[in-house]
Structure formats: C-alpha cells, structure tokens
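Structural features, examined
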Amino acid sequence: MLKINEIASMQRSAVQEADMQKLQQLIDERQRCMDAIDAISDDSFDHELADIIEQIQDIDKETHSMLEHMMHDVDDKLGSIKNTRIGLIKYNAGVSQIPPAFVDKKM
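In short, a report on the structure. (Residues numbered from 1 in each chain as written. Predicted model: local features only at pLDDT ≥ 70, side-chain atom pairs only at ≥ 80, totals over all residues. Heavy atoms only, no water.)

1. Here we look at unusual backbone geometry
Convention followed: Helix and strand assignments follow DSSP, with helices taken as H or I runs no shorter than four residues and strands as E runs no shorter than two, numbered in order from the N terminus. Exposure classes here rest on a 1.4 Å probe applied to the protein chains alone. A residue is buried below 20% of its type maximum, exposed above 50%, and partly exposed in between.
For alanine 18, which is not glycine, the phi torsion reads 60 degrees and is therefore positive. Within the fold, alanine 18 resides in the loop between α1 (2-16) and α2 (20-40). Given a relative accessible area of 49%, alanine 18 falls into the partly exposed group.

Below, the structure is given as structure tokens:
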C-alpha cells in the first residue's frame, strides 16, 4: 500500500510537469500493484491501512482536479484558435484575388 501512495504522489508530479507519458506509466504500475494486493487481500483492513487509503484518495482527488484544469485550458485554447481561424477566413473572403493595378489617368 505504501508503494501505491508513492506512485500516487509521483502521478501528481507528472501532471504538474505535464508529462503524460510518465503519468500513463505510473497508472499502469499502480494498477499492477493494486491487482497484486487484491490477489492476496483477506479483507482484514486495519486502521493504518485505512489511513493510507485515505491519503491516496486525497492525492487522487488533487491529481484529478489538476487534470480537469489542464483539460479546460486546452479546450479554451482550441476555442480561441477556432475563432481566430473563422475570423481570418471571413476577413480574407472580401479580398479580391486580382491584384490591384495603378492606372495613370493623365495619359
């Protein structure tokens, strides 16, 4: 259980560093640990184990919140890019494709 707690902390760090590849590796490693615990679990949880589980849950909530914030930022940036592109297309739609020419009327 302590290893899962360490992995949860490392997951939070990976999110802070925006290292999604490292985050995925840590998620996989954490799942392997959880599977091993499930295989040997005899449903006899003591107080210390409950405290560790609570710490892990708190770290997970914080990590999840950070990921949601990052996703919201990405969504905002994509929306801004879309609006800029639409504006550029509309701006260029009124521009003639024939280059302007200078005409001397004094001739």
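2. A short note on a nonpolar patch on the surface
Operational definition: Patches were defined on residues exceeding 30% relative accessible area and lacking a salt bridge, with like-charge contacts within 9 Å and nonpolar side-chain contacts (Val, Leu, Ile, Met, Phe, Trp, Tyr) within 5 Å. Per-residue accessibility takes into account occlusion by the displayed protein chains alone, with areas from the Shrake-Rupley method and a 1.4 Å probe. For this document, the term salt bridge refers to a Lys or Arg side-chain nitrogen within 4 Å of an Asp or Glu carboxyl oxygen.
Together, Val74, Leu78 and Ile81 make up a nonpolar patch on the protein surface, roughly 290 Å² of accessible area in all. With respect to the helices and strands, valine 74 occurs in helix α3 (residues 47-93).

3. Overview of the environment of arginine 30
In plain terms, the rule: Here, two residues are considered to be in contact whenever any of their heavy atoms come within 4.5 Å of each other.
Here arginine 30 is to be found in helix α2. Residues arginine 30 and asparagine 5, 25 residues apart in the sequence, show an inter-C-alpha distance of 9.1 Å. The contact partners of arginine 30, leaving out residues within four places of it in the chain, are Ile4, Ile7, Ala8, Gln11, Ile56 and Asp60.

4. Concerning the nonpolar core
To keep things clear, this is the line we draw: Here, the term nonpolar core denotes a set of buried Ala, Val, Leu, Ile, Met, Phe, Trp, Tyr and Cys residues that are joined through side-chain atoms within 4.5 Å.
Ile4, Ile7, Ala8, Ala14, Val15, Leu23, Leu26, Cys33, Ile52, Ile56, Ile59 and Met66 form the largest nonpolar core, which has 12 residues in total. Taken together, the elements giving at least two residues each to this core come down to α1, α2 and α3. Counting residues per element, this core draws most heavily on α1, at 5 residues.

5. Let's talk about the side chain of asparagine 5
Tracing the chain through its elements places asparagine 5 in helix α1. A relative accessible area of 13% means that asparagine 5 is categorised as buried. Those residues within four positions of asparagine 5 in sequence are excluded, and the remaining contacts are Ile52, Gln55, Ile56 and Ile59.

6. Concerning the pattern of salt bridges
Applying the stated criterion across every chain, the model contains 3 salt bridges. The closest approach of N and O atoms between glutamate 29 and lysine 3, which form a salt bridge, is 3.1 Å. One end of the pair, glutamate 29, is in helix α2; the other, lysine 3, is in helix α1, with 26 residues separating them in the sequence. For glutamate 29, a relative accessible area of 23% corresponds to the partly exposed category. A salt bridge links arginine 30 to aspartate 60, with the nearest nitrogen and oxygen atoms 2.4 Å apart. Highlighted residues: arginine 30 in helix α2 and aspartate 60 in helix α3, separated in sequence by 30 residues.

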